[in-house]
Amino acid sequence: MNKKQFIRKYAEYSGLKVYESEKILRNLGELITDMVASGEKINIHGFLEIGTKQVKDRMGTDPRTAQPILIKGRTKVIFKPGSKLRIAAKSADA
């Protein structure tokens, strides 16, 4: 499902107009982006946890030359599904 399809489905589900749903999704995306950028952790109990994790520098190998190289550390975004989301995924398998 792409963004437009999701917006339409959310509008239908919530009883809102499509442009209202689009605005809600855009604002939510901006809020989450700003919170993650500032290092805040978002925890929607039972549904989803979003945060950041520091990855340290490590040694790797250049696949073209087989020479060792230093891979610089970075901050990565982590997503952890909550219990309700995991249960929903299991029921989709059945």
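Above this text you will find the structure in question.
As the structure is a prediction and not an experimental result, all values here were calculated from the model.

A.B. asks: Which parts of the structure should I look at to understand the overall build of the protein?
C.D. replies: Secondary structure assignment for the protein yields three helices and five strands. Along the protein, from the amino end to the carboxyl end, the secondary structure elements read α-α-β-β-β-β-β-α. Structurally, the protein occupies a C-alpha span of about 60 × 35 × 30 Å along its principal axes. Looking at the protein alone, contacts between residues at least 24 apart form 31% of all its contacts between residues at least 6 apart.

A.B. asks: Any chance you could explain the pattern of salt bridges here in plain terms?
C.D. replies: Side-chain pairs of opposite charge can arise whenever the charged atoms involved come near each other. Taken as a whole and judged by the stated rule, the model has two salt bridges. With a closest N to O distance of 3.8 Å, R64 and D62 form a salt bridge. With a relative accessible area of 76%, R64 lands in the exposed category.

A.B. asks: Can you walk me through the side chain of E49 in this structure?
C.D. replies: On the secondary structure map, E49 appears in strand β2 (residues 48-55). Beyond its immediate sequence surroundings of up to four residues, E49 is in contact with K41, I42, N43, I78, F79 and K80.

A.B. asks: Would you mind going over the environment of A66 with me for this structure?
C.D. replies: The topology assignment puts A66 in the loop between β3 (58-61) and β4 (68-71). Given the relative accessible area of 58%, A66 is considered exposed. Remark: the alpha-carbon pair of A66 and G46, spanning 20 residues in sequence, is separated by 45 Å.

A.B. asks: So what exactly am I meant to see when it comes to the pairing of β3 here?
C.D. replies: Within a regular strand, side chains alternate between the sheet's two faces. Examined bridge by bridge, β3 and β4 share four bridges and lie antiparallel to one another. The residue bridging R58 from the neighbouring strand is I71, located in β4. The hairpin formed by β3 and β4 contains six residues between the paired strands, and A66 there has a positive phi angle of roughly 65°.

A.B. asks: Hey, could you run me through the sheet that holds strand β5 (residues 74-81) in this one?
C.D. replies: By definition, the strands of a sheet pair up through backbone hydrogen bonds, in either a parallel or an antiparallel sense. The three strands are arranged β1-β2-β5 in an open sheet whose pairing can be described as antiparallel. Among the strands making up the open sheet, the edge pair consists of β1 (42-44) and β5. Strand-to-strand twist of the sheet, defined as the mean angle between neighbouring strand axes without regard to direction, takes the value 25°. Pairing of β2 with β5 involves eight bridges; the strand directions are antiparallel. Its bridge partner being in β5, I50 is matched across the sheet by F79.

A.B. asks: When you look at a nonpolar patch on the surface in this model, what are you seeing that I'm missing?
C.D. replies: A grouping of M1, F6, Y10, Y13, L16 and I24 is seen on the molecular surface, where their side chains present a nonpolar patch of about 660 Å² in accessible area. By residue number, the principal contributor to the nonpolar patch is helix α1 (residues 3-14), which donates three residues.

Scoring rules and cut-offs
Residues numbered from 1 in each chain as written. Predicted model: local features only at pLDDT ≥ 70, side-chain atom pairs only at ≥ 80, totals over all residues. Heavy atoms only, no water. Helix = DSSP H or I, 4+ residues; strand = E, 2+ residues; numbered from the N terminus. Contact = heavy atoms within 4.5 Å. Salt bridge = Lys/Arg side-chain N within 4 Å of Asp/Glu carboxyl O. Buried < 20%, exposed > 50% of the residue type's maximum accessible area, 1.4 Å probe, protein only. Pairing = 2+ DSSP bridges. Axes fitted to C-alpha atoms, helices over the stretch in contact; angles between N-to-C directions. Patch = residues over 30% accessible without salt bridge, like charges linked within 9 Å, V, L, I, M, F, W, Y side chains within 5 Å. Areas by Shrake-Rupley, 256 points an atom, 1.4 Å probe, with all protein chains shown as cover.

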